Each structure stands twice: as C-alpha cells, then as structure tokens.
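Coordinates in review
Listed below are the residues making up each chain.
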Amino acid sequence: MPRSSPRDGAATRRALIDSAAKLFAAQGVEAVSIRAINAEAGLGAASAHYHFGSKDAILDAVLLDSGAEVLAHIHRLAKDMVDSDTIPTARQIVDLLALPYRQFLDEAPDKGVRWLTICGQLSLANDPRLFPVKDDTAELLRKLLERAYPSADETAIELNWSLTVNTLIVMAARWSDASIEGSRALSNGRFDTLADFVAGGLESLMHPAQT
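What comes next is a walk through the structure. All residue numbers refer to position in the chain's written sequence, counted from 1. Note on the predicted model: pLDDT of at least 70 is required for a residue's local features to be given, and 80 or more for side-chain atom pairs to be given and counted; whole-chain, interface and lining totals, by contrast, use all residues. With hydrogens and water stripped out, all remaining heavy atoms of the structure feed into the side-chain values.

1. Description of the overall build of the protein
- A count of helical and extended segments in the protein gives nine helices and zero strands.
- A run of DSSP states H or I qualifies as a helix once it reaches four residues; a run of E qualifies as a strand once it reaches two. Both are numbered from the N-terminal end. For the protein, the α and β elements follow one another from N to C terminus as α-α-α-α-α-α-α-α-α.
- In this scheme, a residue with accessible area under 20% of its type's maximum is buried, one over 50% is exposed, and one in between is partly exposed, where area comes from a 1.4 Å probe on protein chains only. Residues counted as buried form 42% of the 211 residues belonging to the protein.
- Put simply, of all contacts in the protein between residues at least 6 apart along the chain, 73% involve residues at least 24 apart.
- Accessible area of the protein: about 11,500 Å², with a carbon and sulfur share of 54%. The contact criterion used is simple: two residues touch if any of their non-hydrogen atoms lie within 4.5 Å. Using a 1.4 Å probe, accessible areas were evaluated by the Shrake-Rupley method; residue-level cover was limited to the displayed protein chains.

2. Structural notes on the environment of Ala 10
- Tracing the sequence through the fold places Ala 10 in helix H1 (residues 6-27).
- Its relative accessible area of 45% is what places Ala 10 among the partly exposed residues.
- Once the C-alpha coordinates of Ala 10 and His 51 are considered, the two residues, 41 residues apart in sequence, prove to be 9.5 Å apart.

3. Concerning the packing of aromatic side chains
- In this analysis, rings of Phe, Tyr and Trp, with Trp reduced to its six-membered ring, are considered paired at centre separations within 6.5 Å, and the interplanar angle assigns stacked below 30 degrees, edge-to-face beyond 60, and tilted for intermediate values. In this structure the tally under the stated criterion is two aromatic pairs.
- Here the aromatic rings of Tyr 101 and Trp 115 are separated by 6.0 Å at their centres, their planes lie at 70 degrees, and the arrangement is edge-to-face. Of this pair, Tyr 101 sits in helix H5 (residues 90-107) while Trp 115 sits in helix H6 (residues 109-124), and the two are 14 residues apart along the sequence.
- Trp 115 gets classed as buried once you look at its relative accessible area, which sits at 4%.
- Both rings, one in Phe 104 and one in Trp 115, keep their centres 5.8 Å apart while their planes meet at 70 degrees; by these two values the pair is edge-to-face. Of this pair, Phe 104 sits in helix H5 while Trp 115 is found in helix H6, placing the two residues 11 residues apart along the sequence. Neither Phe 104 nor Trp 115 differs from the other in exposure class; each is buried.

4. Here's the deal with unusual backbone geometry
- At Asp 85, a residue that is not glycine, the phi angle is positive and equals roughly 65 degrees.
- Checked against the element boundaries, Asp 85 lands in the loop between helix H4 (55-84) and H5.
- Taking the relative accessible area as the measure of exposure, Asp 85 reaches 61% and is therefore exposed.
- Non-glycine residue Asn 126 carries a positive phi angle of around 50 degrees.
- On the secondary structure map, Asn 126 appears in the loop between H6 and helix H7 (137-148).
- Taking relative accessible area as the criterion, Asn 126 reaches 60% and is therefore assigned exposed.

Geometry only, nothing functional implied.
What follows is the structure, given as structure tokens:
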C-alpha cells in the first residue's frame, strides 16, 4: 500500500474539520459522534481518531480554524482600548466583539454562521472548551468593564457580561442564518441595530436603578 503524503493528510484533516463544523452547528456539539464526523467526511472509521485523537481535539481545531483571526482581532482592539485609558461606553465595549464578528460574517458568511452557532452553544453552557487558546483577552475586557462601571462588583460584571456575550453571539448567528437573497451575512445596518440592542441591555444591567 502506498504511503500517504503530507498533502493527503492535510486534505483529510480539512475534510474532518469542515464536516465536524457542519455537524456541530446543525446538531450541537454533544449530539455529534466521531463516527458521524467520519461518515460526513466520507472517511474510514478510524480517521478522526488517527488525525485528532478525540472529539475535543476536533472541536478545538474547528474553533481555531474559523476563529483564530477573530479572537486575535478582538484581542488587538481590547488591548488598544485598555492602553488608551479611554473610559468606554457600553457600545464601544460591545463593538470590541461585534466588529470582528461582522467582518468574519462579511468575508465568509457560511463559515462565520457555523462558527458563531458553535460558539453560542458553548457560551450558553459556560463550556470552557469555547476558548481553545489561553490569552489575556478576558482580562482586558474585564478591565474595560471595571473602568466603565467602577461601582459594579465583580459578580455583577461577570454575570452581566456573560449574558451580553451570549446574546450577541446567538443573535448574530441566528439573524445571519435566516437572511435571504443568497447572502447569509447581516447587513451593516442590521448588525448595528443588534449591537445597539445588546449595548443597551448591558447598560441597563450595569445600572439597574436607572431602568
């Protein structure tokens, strides 16, 4: 039997990642088996285990394949804002996520919707697998929230920000997936409406006495 070339291995990994992303988004991460991923990719029963070792490793690959640049973009924006000593508004904080999400959806609508859908599932479940790469992005965002809402305690910031992120991710994915006329990407106007809505919710949560 001829030995597989590196190119063959890369093509197999690509098929597995693409198939897993499709199934995770449609059925939910927990509902998808490695056997189903192999079948969707048209590969043998041992392929996923051979190339990745576990379903968690495939999930990590899916999240990084689609989201590594998005997460890096969020990190850059957050670091720049922290370094600027700006006291941000709720909308400016939300835009740290919304702008990279929107750019991804504009550039790769189908891939973006799948990635956001998977992220939404994991975020709603507070699943630590949502962050396959450990960096200081969460800490940068927390600093900005503390700067914007100095009277809020740590628990309020954590809970309210989690709800904000969940809402943004889930609604961006659902609105994009439901769009028509051949494009799944949200229009800029509609995405701005979503960001305004989410930012307004964050502001109300952080200042409950004003609602």
